[in-house]
Each structure stands twice: as C-alpha cells, then as structure tokens.
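Geometric and topological summary
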Amino acid sequence: IPSFFTNKDITIGRDDSKLSIQTYRNAINDIANISMKGLTTKHDVQIFSQATDSQNYEKLKEIDPYLAEYDRAIANLKKLSVPPALAALHLEYINLVAAQTDAVRRMRNAQSDPIGSTMGVKQYLEVQDRLTVLFEKFLDVFGKFAV
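Scope of this entry: the structure provided in the associated data block. (Residues numbered from 1 in each chain as written. Predicted model: local features only at pLDDT ≥ 70, side-chain atom pairs only at ≥ 80, totals over all residues. Heavy atoms only, no water.)

Helix length check: helix α4 (residues 87–108), at 22 residues, gives a terminal C-alpha distance of 31 Å against a target of 32 Å (1.5 Å per residue), a fit within 8%. With 16 of 22 residues buried, α4 is to be regarded as a mostly interior element. (Helix = DSSP H or I, 4+ residues; strand = E, 2+ residues; numbered from the N terminus. Expected span 1.5 Å × (residues − 1). Buried < 20%, exposed > 50% of the residue type's maximum accessible area, 1.4 Å probe, protein only.)

For the rest of this paragraph, the subject is the layout of surface pockets. As a volume, the largest pocket reaches approximately 700 Å³. In this structure, the largest pocket is lined by 27 residues; those nearest its centre are Ala32, Met36, Tyr93, Leu131 and Phe135. For the lining of the largest pocket, the secondary-structure elements that each account for two or more residues are α1 (18–35), α3 (64–79), α4 and α5 (114–144). Take the lining of the largest pocket: its biggest share by element is eight residues, from α5. For the lining of the largest pocket, the class distribution of residues is 17 nonpolar, eight polar and two charged. (1 Å grid on protein atoms, 1.4 Å probe; cavity = no way out; pocket = protein on both sides within 12 Å on 5 of 7 lines; lining within 4 Å. Points joined across faces, edges and corners; volume = space filled by probe spheres on them. Nonpolar A, V, L, I, M, F, W, Y, C, P; charged D, E, K, R; others polar.)

Take helix α2 (residues 44–54) next. Taken as a whole, α2 has its buried residues at Asp44, Ile47, Phe48 and Ala51. Along α2, the residues classed as buried sweep out an arc of 100° about the axis, all on the same side. Where the residues of α2 are buried, they touch α3, α4 and α5. Count one or two residues on from α2 and you reach Gln55, which has phi positive near 55°. (Arc of directions from axis to C-beta. Contact = heavy atoms within 4.5 Å.)

Right, let's talk about the packing of α1 against α5 for a bit. Each pair of packed helices gets described by two things: the angle between the helix axes and the distance between those axes. It is at 10 Å that the axes of α1 and α5 come closest, and there the two elements cross at 145°. Two packed elements cross with a definite hand, and for α1 against α5 that hand is left-handed. Contacts between α1 and α5 involve Ile21, Tyr24, Arg25 and Ile28 from the first element and Phe138, Leu139 and Phe142 from the second. Looking at the contact of α1 with α5, its residues break down into six nonpolar, no polar and one charged. (Axes fitted to C-alpha atoms, helices over the stretch in contact; angles between N-to-C directions. Left-handed = near helix turned anticlockwise from the far one by under 90°.)

This part covers the environment of Arg106. Note on placement: Arg106 falls in helix α4. In the structure, Arg106 is positioned 13 residues away from Met119 in sequence and 7.6 Å away in space, judged by C-alpha atoms. Setting aside residues no more than four positions away along its own chain, Arg106 makes contact with Gly116, Ser117, Met119, Gly120 and Gln123.

To continue, consider the environment of Leu131. The topology assignment puts Leu131 in helix α5. You can call Leu131 buried: its relative accessible area is 8%. Considered as a pair, Leu131 and Ser17 are 114 residues apart in the sequence and their alpha carbons are 25 Å apart. Here Leu131 is in contact with Tyr93, Leu96 and Gln100, once residues within four sequence places are set aside.

Within the secondary structure, Glu69 is located in helix α3. Assessed through its relative accessible area of 14%, Glu69 is described here as buried. Not counting chain neighbours up to four residues away, the residues in contact with Glu69 comprise Ile34, Ser35, Met36 and Leu39.

The next subject is the packing of α4 against α5. Contact geometry of α4 with α5 gives a least axis separation of 8 Å together with a crossing angle of 160°. Taken together, the axis directions place α4 and α5 in an arrangement best described as roughly antiparallel. Crossing angle aside, the handedness with which α4 passes α5 is left-handed. When the residues that make up the contact of α4 with α5 are grouped by side-chain class, the tally is 16 nonpolar, seven polar and five charged. (Parallel < 35°, antiparallel > 145°, perpendicular 65-115°, else oblique.)

Structure follows, in structure tokens:
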C-alpha cells in the first residue's frame, strides 16, 4: 500500500492534554460519520461487485459519490489539528484512507482497466485489514487519555 502523505501534509498541534485528545477524537469521528452520511445503503465494493458480476459497467457511476466523499474526508483530515501523541497514527490513517480511495478509483475503472480494478480490490481488502488494526491502536490511546 503506497504512502501518499508525510508529516508535512498534516497539521500537528502542540498540545497532548486530555482535552486535546478528546477534541481530536470527536473531530475524527465527525469526519468519518459526515463523509459517508447517506452513502451507507450499499458499500462501494458491493457496487463494484454487482457491476462486474452483471457486466453492467454503467452501475460503476454509483461509486462517484463515494470518491467525492473520500476526497473531502482526506482534505478535512489534512486540516485537522492533531495532538503530537497521535501524529503517527493520524498519518497512518490518512494514508490508509488515501489508499482506499485509490483502490476504489481503480475499481471504478473496471471496464477500461480490468487488471487495475482487480489490483484495486486486493488493495481495498488489505486496507480494510490494516484499518481494523489501526482502529484498535486508536482505541488504546484514547483509553489512556480518557477524560
């Protein structure tokens, strides 16, 4: 999975207080919840699967709103002030979101690039596994700084 961003691309604050960690936690939850609001009836990978199984590639257009929301989430994650104690996790998170976006873009282009879309599916699944591990790390840190 490629890395798209470095520390220079994110906003690292100066405060590791419990309040700062809690504020960050709330903000990152809001970004995740708002970015996909209204798009949860079908997952992007389900749309891809249905389109390719039926060879109805016109259905792939349904992925476009997901891509727009992923891009918006990335922009918001870049602007979010991150407590220094969470900078490494935040950087990993934003890179995984960018990798997921890249994977979904590859799947979106299944008709013109079937091999690339297959690579996108593989990358998507790997990102999901890594996100699960990352969320556990976030929960561990949030637990240590519980307000």
